[in-house]
Amino acid sequence: MKLPQVVVYESDGSLAGQIRRLADENAWLVRESRQSPACLELVSEVRPSVLLLKLERELQDGLTLLARVVERAPDCPVVLVSDVKMDGAEQRAQLSALAMDLGARYVLFPPLQTPVIEDLVSGLMAATIRRTVGAPADESDDA
Amino acid sequence: MRELPTLDDTRCIGSGDCVAVCPTHCLAMAGPVPWLIRPADCVSCAACVAVCPTDAIRLERPRLA
């Protein structure tokens, strides 16, 4: 039976660690992927409720993966999490605009605070479930 | 992680009986098949297993791969 699940693409496991408590609390599955081809395959296979895609040193690789994921699974909300230190607001704005053009729902920059990531994932998860089953994902949403 | 309902898609006929019988309302139909939308609320009671007319549901620990 399909479960709400989050796929995390990154090289070091830190982002997955930041959402572990939230995922455990809700019994969501968290799947980690460290290679682009494996990530694409995973997204196609499991159709995750949310994909967290960490952008690391190789910007082009991450953005290419983003474009391919959106092409393969347009319903899967993708959050681009930049781990790349950028000097100014202009660079961050350019990257955000490009990522959103490619299909990212949100773009996060350091410092990557756990409460922010948890809130974002919770909201996207609830929205995906609501869209899929056509009903509120949580009674509290009705308030 | 505890045991949760898993679905054999090839057997499911989309009757929705499992959704109706679930005492904690953790299941919902997503198109033709049920989806475990609130796994944290599942109490592994196996009511869905018992009511399924085609034996398409089992309780087992979710697999990550």
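Residues numbered from 1 in each chain as written. Chains lettered and ligands numbered in written order. Predicted model: local features only at pLDDT ≥ 70, side-chain atom pairs only at ≥ 80, totals over all residues.

**As for the overall build of chain B**
Regarding its fold elements, chain B presents two helices and four strands. Its helices and strands taken in sequence order, chain B reads β-α-β-β-α-β from the N to the C terminus. C-alpha extents for chain B along the principal axes are approximately 30 × 25 × 20 Å. Expressed as a percentage of contacts within chain B between residues at least 6 apart in sequence, the contacts between residues at least 24 apart total 57%. (Helix = DSSP H or I, 4+ residues; strand = E, 2+ residues; numbered from the N terminus. Contact = placed C-beta atoms within 7 Å.)

**A closer look at helix H4 (residues 89-102) of chain A**
The terminal C-alpha atoms of H4 of chain A, which comprises 14 residues, lie 20 Å apart, in line with the 20 Å expected from a rise of 1.5 Å per residue. Trailing H4 of chain A by a residue or two, Gly103 of chain A shows a phi angle of about 120 degrees, which is positive. (Expected span 1.5 Å × (residues − 1).)

**Some words on the interface of chain B and chain A**
For interface size, the figure often reported is the accessible area lost on association. Chain B puts 15 residues into the contact, and the matching count from chain A is 15 residues. For the side of chain B that touches chain A, the secondary structure elements donating two or more residues are strand S1 (4-7), strand S2 (27-30) and strand S3 (33-36) of chain B.

**A few points about the packing of helix H1 (residues 14-26) of chain A against helix H5 (residues 114-133) of chain A**
Residues and elements named next belong to chain A. Their axes nearest at 9 Å, the elements H1 and H5 cross at an angle of 55 degrees. Considering their axes alone, H1 and H5 lie oblique with respect to each other. The two elements H1 and H5 cross, and the hand of that crossing is right-handed. Residues Gln18, Ile19 and Leu22 of H1 lie in contact with H5, whose contacting residues are Thr114, Ile117, Glu118, Val121 and Ser122. Partitioning the contact of H1 with H5 into residue classes produces four nonpolar, three polar and one charged. (Axes fitted to C-alpha atoms, helices over the stretch in contact; angles between N-to-C directions. Parallel < 35°, antiparallel > 145°, perpendicular 65-115°, else oblique. Left-handed = near helix turned anticlockwise from the far one by under 90°. Nonpolar A, V, L, I, M, F, W, Y, C, P; charged D, E, K, R; others polar.)

**Overview of the nonpolar core**
Residue and element names in this part refer to chain A. One finds Val6, Leu51 and Leu53 to be the most contacted residues of the largest nonpolar core, which totals 53 residues. Tallying contributions element by element places strand S3 (residues 50-55) first for this core, with five residues. The residues contacting Leu51, other than those within four sequence positions of it, are Val7, Tyr9, Val43, Val69, Cys76 and Val78. (Core = buried A, V, L, I, M, F, W, Y, C linked by C-beta atoms within 7 Å. Buried ≥ 20, exposed ≤ 12 C-beta atoms within 10 Å, placed from the backbone.)

**Notes on the sheet that holds strand S2 (residues 29-33) of chain A**
Residues and elements named next belong to chain A. Ordered in space as S2-S1-S3-S4-S5, the five strands form an open sheet in which the pairing is parallel. Both outer strands of the open sheet, S2 and strand S5 (106-108), are each paired with one neighbouring strand and no more. Each adjacent strand pair in this sheet contributes to an overall mean axis angle of 20 degrees, direction not counted. Taken together, the five bridges between strand S1 (residues 5-9) and S2 define a ladder with parallel strand orientation. Bridge pairing links Gln5 to Leu29 in S2. Against the sheet, H4 engages strand S4 (78-82) and S5, with an angle of about 145 degrees to S5. (Pairing = 2+ DSSP bridges.)

**Notes on the packing of helix H2 (residues 36-46) of chain A against helix H3 (residues 59-72) of chain A**
Residues and elements named next belong to chain A. The interhelical angle for the contact between H2 and H3, taken along N-to-C directions, is 20 degrees, at an axis separation of 10 Å. In terms of orientation, H2 and H3 fall into the roughly parallel class. Judged by the sense of rotation from one axis to the other, the crossing of H2 with H3 is right-handed. Between H2 and H3, the contacting residues are Ser36, Cys39, Leu40, Val43 and Ser44 on the first element and Asp61, Leu65, Arg68, Val69 and Arg72 on the second. Partitioning the contact of H2 with H3 into residue classes produces five nonpolar, two polar and three charged.

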